[in-house]
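# Structure at a glance
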Amino acid sequence: MTNKERRDAGMAYISDKSIFEEQAVCRRILQKLNFMDRSDFDGLQEVVKELLGKSDGAFINPPFYCDYGKHIEVGKNFFANYNCTLLDVAKIRIGDNCQMAPNVAVYTAGHPIHPVTRNSEYEYGKEVVIGNNVWIGGNSVICPGVTIGNNVVIGAGSVVTKDIPDWCVAVGNPCKVIRKITDADKKLLFRGEEIDDEAWADITEHMEF
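No experiment lies behind these values; they were computed from the predicted model shown.

### Thoughts on the packing of aromatic side chains
Per the stated rule, a full pass over the model turns up two aromatic pairs. Relative to Phe59, the ring of Phe41 has its centre 6.1 Å away and its plane inclined at 50°; by these criteria the two rings are tilted. Taken as a pair, Phe41 in helix α3 (residues 41-52) and Phe59 in strand β1 (residues 59-60) lie far apart in primary sequence, 18 residues in all. By relative accessible area, which is 14% here, Phe59 ends up buried. Put simply, the rings of Phe41, Phe59 and Phe79 touch in pairs and so form one group of aromatic residues. Over the ring of Tyr68 we find Arg7; its NZ or CZ atom is 4.7 Å from the centre of that ring.

Take a look at the structure:
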């Protein structure tokens with residue numbers, strides 16, 4: 001098997017010349033994205049589409065970093081804020097309406113624990129899956145092989161090492177579920193503060209409940 005075939009199968013592989021050639025294509029697109037006019041919102045969206053291969057309303061605030069771009073699959077209305085890093089050695093699959101706060105890192109890349117094996121230059125990638133309607137708080141880290149369910153909030157500064165189920169708030173290092181999200185949360189804005197009547201009327205008119 002080639003190293004690209006081994007990488008894509010989730011097996012141990014070495015970053016050889018063919019791997020670096022793929023990464024070079026991505027880096028040229030990132031160079032364009034990260035140094036273009038930050039007020040050119042339409043232009044930024046076009047470059048994001050070029051980076052990911054497809055896009056349905058995806059927007060990324062540069063700077064942004066990844067290894068391949070083409071291994072990242074996002075649904076509708078994806079948003080990543082400043083300084084996010086998605087190391088997409090393996091696939092990163094993200095659902096609809098997902099938001100990443102600044103400095104979020106999603107890692108599919110990993111290395112063996114034992115130094116002898118690690119120094120052999122063999123590494124691996126394990127897929128990360130993020131469901132629909134997920135908000136990941138700032139400075140959070142998603143580790144290789146993790147699945148995050150639908151309708152989840154990951155609190156700022158979390159390190160997600162294990163799967164997170166649907167409809168919950170999860171926080172911490174290591175990240176753990178602290179409570180379920182219920183209908184009682186619909187009108188909440190911040191802690192116990194409720195959304196004002198004018199904004200709530202607009203929300204209920206345009207959103208399905």
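Once you've had a look at it, read on.
### So, a negative patch on the surface
On the surface, Glu193, Asp196, Glu198, Asp202 and Glu205 cluster together to form a negatively charged patch. Looking at which element gives the most residues to the negative patch, the answer is helix α5 (residues 197-206), with three residues. Classification of Glu198 by relative accessible area gives exposed; the value is 68%.

### Observations concerning the sheet that holds strand β16 (residues 159-160)
Strand order in this open sheet of five strands is β2-β5-β8-β13-β16, and the pairing throughout is parallel. Looking at which strands have only one partner, the edges of the open sheet turn out to be β2 (64-66) and β16. In this structure, β2 lies alongside strand β5 (residues 84-87), joined through three bridges in parallel fashion. Across the sheet, residue Cys66 finds its bridge partner in β5, namely Leu86.

### Observations concerning the side chain of Ser158
Take Ser158: it is sitting in the loop between β15 (153-154) and β16. On the accessibility criterion, Ser158 (0% relative accessible area) is buried. Within the structure, Ser158 has its side chain in polar contact with the backbone oxygen of Gly155 (distance 2.7 Å). At 3.0 Å, the side chain of Ser158 forms a polar contact with the backbone nitrogen of Gly172.

### A few points about helix α2 (residues 17-35)
The end-to-end C-alpha distance of α2, which contains 19 residues, comes to 27 Å, matching closely the 27 Å that a straight helix rising 1.5 Å per residue would cover. Every buried residue of α2 is accounted for by Ile19, Glu22, Gln23, Cys26, Ile29, Leu30, Leu33 and Asn34. Around the axis of α2, the buried residues are gathered within 135° of arc, so they sit on the same side. Facing away from the buried side of α2 by over 90 degrees, the exposed positions are Lys17, Arg27, Arg28, Gln31 and Phe35.

About the thresholds
Residues numbered from 1 in each chain as written. Predicted model: local features only at pLDDT ≥ 70, side-chain atom pairs only at ≥ 80, totals over all residues. Heavy atoms only, no water. Phe/Tyr/Trp six-rings, centres within 6.5 Å; stacked < 30°, edge-to-face > 60°. Helix = DSSP H or I, 4+ residues; strand = E, 2+ residues; numbered from the N terminus. Buried < 20%, exposed > 50% of the residue type's maximum accessible area, 1.4 Å probe, protein only. Lys NZ or Arg CZ within 6 Å of the ring centre and 35° of its normal. Patch = residues over 30% accessible without salt bridge, like charges linked within 9 Å, V, L, I, M, F, W, Y side chains within 5 Å. Areas by Shrake-Rupley, 256 points an atom, 1.4 Å probe, with all protein chains shown as cover. Salt bridge = Lys/Arg side-chain N within 4 Å of Asp/Glu carboxyl O. Lys, Arg positive; Asp, Glu negative; His and termini not counted. Charge placed at Lys NZ, Arg CZ, Asp CG, Glu CD. Pairing = 2+ DSSP bridges. Polar contact = N/O pair within 3.5 Å; in protein donor to acceptor, adjacent residues only side chain to side chain. Expected span 1.5 Å × (residues − 1). Arc of directions from axis to C-beta.

Fair warning: the whole summary comes from geometry, so function is off the table for now.
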